[in-house]
Amino acid sequence: MNSKGALCYVPFFGLVVALVVLVVEEDKKLKFVAAQSVLTHVVFWGLMQLVVPLMRMTVILAPMAWLVKGVVGVGFLAGWLMLAVRTYQNERVRLPYLA
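First, a word on scope: everything that follows refers to the structure included in this document. (Residues numbered from 1 in each chain as written. Predicted model: local features only at pLDDT ≥ 70, side-chain atom pairs only at ≥ 80, totals over all residues. Heavy atoms only, no water.)

## Things to note about the packing of helix H3 (residues 28–57) against helix H4 (residues 65–88)
For step 1, the next point in the chain: At a closest axis distance of 10 Å, the pairing of H3 and H4 adopts a crossing angle of 175°. Between H3 and H4, the angle is such that the two are roughly antiparallel. Contacts from Val 33, Thr 40, His 41, Val 43, Phe 44, Leu 47, Met 48, Val 52, Met 55 and Arg 56 in H3 reach Ala 65, Val 68, Lys 69, Val 72, Gly 73, Phe 76, Trp 80 and Thr 87 in H4.
For step 2, the next point in the chain: Residue classes in the contact of H3 with H4 are distributed as 12 nonpolar, four polar and two charged. (Axes fitted to C-alpha atoms, helices over the stretch in contact; angles between N-to-C directions. Helix = DSSP H or I, 4+ residues; strand = E, 2+ residues; numbered from the N terminus. Parallel < 35°, antiparallel > 145°, perpendicular 65-115°, else oblique. Contact = heavy atoms within 4.5 Å. Nonpolar A, V, L, I, M, F, W, Y, C, P; charged D, E, K, R; others polar.)

So, in structure tokens, the structure goes:
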């Protein structure tokens, strides 16, 4: 379970692994990890696809769009890596609003 759960949180590749785990796996703990991983990927995609282009439309916030995109990207990368390590160590991590 440890390595499968950790693979679910690998950025971008983990989305495919998490979807496969949701469909194939029987273990409820692993399904929870996979569902939480899918939700974090969806939130990341939503922020990148919706918020940043909206910022580019406004004249005042357009120069800050690249900064926000970078900060959000690095923040999610750090979060995914932290979740992968903690899941590999067999800790159950519940994210607020997503769990």
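The discussion continues.
## Regarding the pattern of salt bridges
For step 1, the next point in the chain: Per the counting criterion, the structure on display carries two salt bridges.
For step 2, the next point in the chain: The partner of Lys 4 in a salt bridge is Glu 25, with the nearest N and O atoms 3.2 Å apart. One end of the pair, Lys 4, is in helix H1 (residues 2–8); the other, Glu 25, is in the loop between helix H2 (13–24) and H3, and 21 residues separate them in sequence.
For step 3, the next point in the chain: Assessed through its relative accessible area of 40%, Lys 4 is described here as partly exposed.
For step 4, the next point in the chain: In this structure, Arg 86 engages Glu 91 in a salt bridge whose closest nitrogen and oxygen atoms are separated by 3.1 Å.
For step 5, the next point in the chain: Of the residues examined, Arg 86 reaches a relative accessible area of 31% and is grouped as partly exposed. (Salt bridge = Lys/Arg side-chain N within 4 Å of Asp/Glu carboxyl O. Buried < 20%, exposed > 50% of the residue type's maximum accessible area, 1.4 Å probe, protein only.)

## Quick word on a nonpolar patch on the surface
For step 1, the next point in the chain: Nonpolar side chains collect at one region of the surface, where Val 59, Ile 60, Leu 61, Met 64, Trp 66, Leu 67 and Val 71 lie side by side and expose about 800 Å² of accessible area between them.
For step 2, the next point in the chain: With respect to the helices, strands and loops of the structure, Val 71 is situated in helix H4.
For step 3, the next point in the chain: Given a relative accessible area of 55%, Val 71 falls into the exposed group. (Patch = residues over 30% accessible without salt bridge, like charges linked within 9 Å, V, L, I, M, F, W, Y side chains within 5 Å. Areas by Shrake-Rupley, 256 points an atom, 1.4 Å probe, with all protein chains shown as cover.)

## As for the packing of H2 against H3
Geometrically, a packed helix pair is captured by the angle between its two axes and the distance between the axes.
For step 1, the next point in the chain: Direction vectors running N to C along H2 and H3 enclose 140°, while the axes themselves pass 9 Å from each other. In terms of their interaxial angle, H2 and H3 are classed as oblique. Between H2 and H3 lies a crossing whose hand is left-handed. In this structure, H2 uses Gly 14, Leu 15, Ala 18, Leu 19, Val 21 and Leu 22 to contact H3, whose residues at the interface are Leu 30, Lys 31, Ala 34, Ala 35, Ser 37, Val 38 and His 41.
For step 2, the next point in the chain: Tallied by class, residues from the contact of H2 with H3 come to nine nonpolar, three polar and one charged. (Left-handed = near helix turned anticlockwise from the far one by under 90°.)

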